[in-house]
Amino acid sequence: MEQSSVRELQPIIDAVRLACELCRRVQASKAGVSRKSDASPVTIADYGAQALVCRALAHSFPEEGVIAEEGAEGFLTVPPGEREQAVRLVGKLLGERVTEETFLRWLNHGRGVRSDRTWIIDPVDGTEGFIHGRGYAVCVGTLVEGQPADGIIGVPVSPLDAGGTLFFTDAGRAWAETLEGGEPRALHVSDRVDPPSIRVVESYVMGRRSREMADRVYAAAGFDARRAKRYDGMVKYALVAAGAADLFIRGPRDIRKNPHKTWDHVAGTALVLAAGGQVTGLDGRGVDFSQGAELRGTLGLIASNGRIHPSVVAAMAKAAGEEWGFLPQPE
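Described below are features of the structure shown in this document. Because the structure is predicted, anything quoted here is derived from the model rather than measured.

What counts as what
Residues numbered from 1 in each chain as written. Predicted model: local features only at pLDDT ≥ 70, side-chain atom pairs only at ≥ 80, totals over all residues. Heavy atoms only, no water. Helix = DSSP H or I, 4+ residues; strand = E, 2+ residues; numbered from the N terminus. Buried < 20%, exposed > 50% of the residue type's maximum accessible area, 1.4 Å probe, protein only. Salt bridge = Lys/Arg side-chain N within 4 Å of Asp/Glu carboxyl O. Phe/Tyr/Trp six-rings, centres within 6.5 Å; stacked < 30°, edge-to-face > 60°. Lys NZ or Arg CZ within 6 Å of the ring centre and 35° of its normal. Pairing = 2+ DSSP bridges. Axes fitted to C-alpha atoms, helices over the stretch in contact; angles between N-to-C directions. Contact = heavy atoms within 4.5 Å. Parallel < 35°, antiparallel > 145°, perpendicular 65-115°, else oblique. Left-handed = near helix turned anticlockwise from the far one by under 90°. Nonpolar A, V, L, I, M, F, W, Y, C, P; charged D, E, K, R; others polar.

The backbone phi angle of E145 is positive, close to 55°, even though this residue is not glycine. Tracing the sequence through the fold places E145 in the loop between β5 (137-144) and β6 (147-155). For E145, a relative accessible area of 69% gives the class exposed. The backbone of A171 sits at a positive phi, close to 50°, despite the residue not being glycine. Checked against the element boundaries, A171 lands in the loop between β7 (165-170) and β8 (173-178). Take A171: its relative accessible area is 52%, and that puts it in the exposed class.

This is the structure we're talking about:
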């Protein structure tokens, strides 16, 4: 699988930077929150960030397909005053006049287009964190031959850099720099394997069942659950890629009612893989990203430094296998 160079990705990297600035301004303004048809929250930052990224894609890669979390239909349900605010802010950041018609066209750019490379966008990953003044991420990934190839993750509130961090892939390697720009630094996963030393990251909000399952897995693997740190959005993948964390487990969940979404995982998976780590399903098998917006058949994902991956899969099978039907994988 051929990964892109940073020179090719630069227009999208620049758009992610701009989207992060938009998110900062919207978060500071305490703009209103809407609810989508599935009751999940959405703000004008989600729509504005996606419009900025899709505008860059329309200019630089106009023939390539896009799978994105938001759309024009949802934006039209937002109160008129907030729609006007979003369009005005995007125009101000771009330094050009933007109409609502243009904004709507950007939101739906690339939808339904089939191409060798598909762009996957989560404009504000961790919207709950964004709403409550915590962390979040602007995430753009690519799929080539149905598998994650590249990832760009902008993190305005970062545990690694005071001014925020931009994570990205470049020709199969993983990099990070401050959100304001600067000298990129190469990323590589950690080499930690001793169970008591393993650093776990997990979602800020976890249901009771997920919490119980995670604790059982940590105990089975010998990890200290007290060391776990919680974050919103895809920064958890980025921290594994950077070697600042060693393990992130997402799920399991009832995928008949609430399947995992492609845009929640592609950019982060690409980054971890480029940094030398490993990402699989909870049973240790590969994840099929080629089915569109949903990861149908995937109960959850494990992202790790790779060295501890077999032991985590074994712990998952031991702790959750009977309940979720996992089969231990061969050595």
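The subject of this paragraph is the pattern of salt bridges. In this structure the tally under the stated criterion is 15 salt bridges. The closest approach of N and O atoms between E96 and R55, which form a salt bridge, is 3.2 Å. With E96 in the loop between α4 (80-94) and α5 (100-107) and R55 in helix α2 (residues 44-60), this pair connects stretches of sequence that are 41 residues apart. Residue R55 is classed as buried on the basis of its relative accessible area of 17%. The shortest N-O distance in the salt bridge between D161 and R185 comes to 2.6 Å. Taken together, the positions of D161 in the loop between β6 and β7 and R185 in strand β9 (residues 185-186) put the pair 24 residues apart, joining distant regions of the chain.

Let us now look at helix α9 (residues 266-274). Within α9, seven of the nine residues are buried, which leaves the element mostly enclosed by the surrounding structure. Phi turns positive, to about 95°, at G276, one or two residues after α9.

To continue, consider the packing of aromatic side chains. Enumeration over the complete set of coordinates arrives at five aromatic pairs. A ring pair is formed by F130 and Y136, whose centres lie 5.0 Å apart and whose planes are at 85°; its orientation type is edge-to-face. Take Y136: its relative accessible area is 1%, and that puts it in the buried class. Aromatic rings pair up to connect Y47, F75 and F103 into one cluster. The side chain of R117 reaches across the aromatic face of F61, ending 4.8 Å from its centre. Just above the ring of Y204 sits the side chain of R230; from NZ or CZ to the centre is 4.4 Å.

The strand order across the open sheet built from five strands is β11-β10-β12-β14-β13, with neighbouring strands paired in mixed fashion. Where the open sheet ends on each side, the last strands, each with one partner, are β11 (229-231) and β13 (278-281). On average, adjacent strands in this sheet sit at an angle of 25° to one another, irrespective of strand direction. In the packing of α9 onto the sheet, contacts are made with β13 and β14 (301-304), and the angle to β13 comes to roughly 135°.

Read across the open sheet, the seven strands follow the order β3-β4-β5-β6-β7-β8-β9; overall the sheet is mixed. Looking at which strands have only one partner, the edges of the open sheet turn out to be β3 (65-68) and β9. Inspection of the sheet shows β6 paired to β7 by four bridges, in the antiparallel sense. Along β7, the bridge assignment pairs I153 with F167. Contacting β3, β4 (117-125) and β5, α2 runs over the sheet at an angle of about 155° to β4. On the sheet, α9 packs against β4, β5, β6, β7 and β8 and is oriented at approximately 105° with respect to β6.

Next up on the list: the environment of W263. Position of W263 relative to the elements: it lies in the loop between β12 (247-250) and α9. For W263, a relative accessible area of 11% corresponds to the buried category. Considered as a pair, W263 and I121 are 142 residues apart in the sequence and their alpha carbons are 5.7 Å apart. The residues touching W263, leaving out its near neighbours within four places in the chain, are I67, A68, E69, I120, I121, D122, M234 and A293.

Our next topic: the packing of α2 against α4. For the pair α2 and α4, the least separation of the axes is 10 Å and the interaxial angle reads 40°. It follows that α2 is oblique to α4 by the angle criterion. As α2 packs across α4, the resulting crossing turns out to be right-handed. Together, I44, G48, L52 and R55 of α2 and E82, Q85, A86, V90, L93 and L94 of α4 make up the contact between the two elements. Taken together, the residues that form the contact of α2 with α4 break down as six nonpolar, two polar and two charged.

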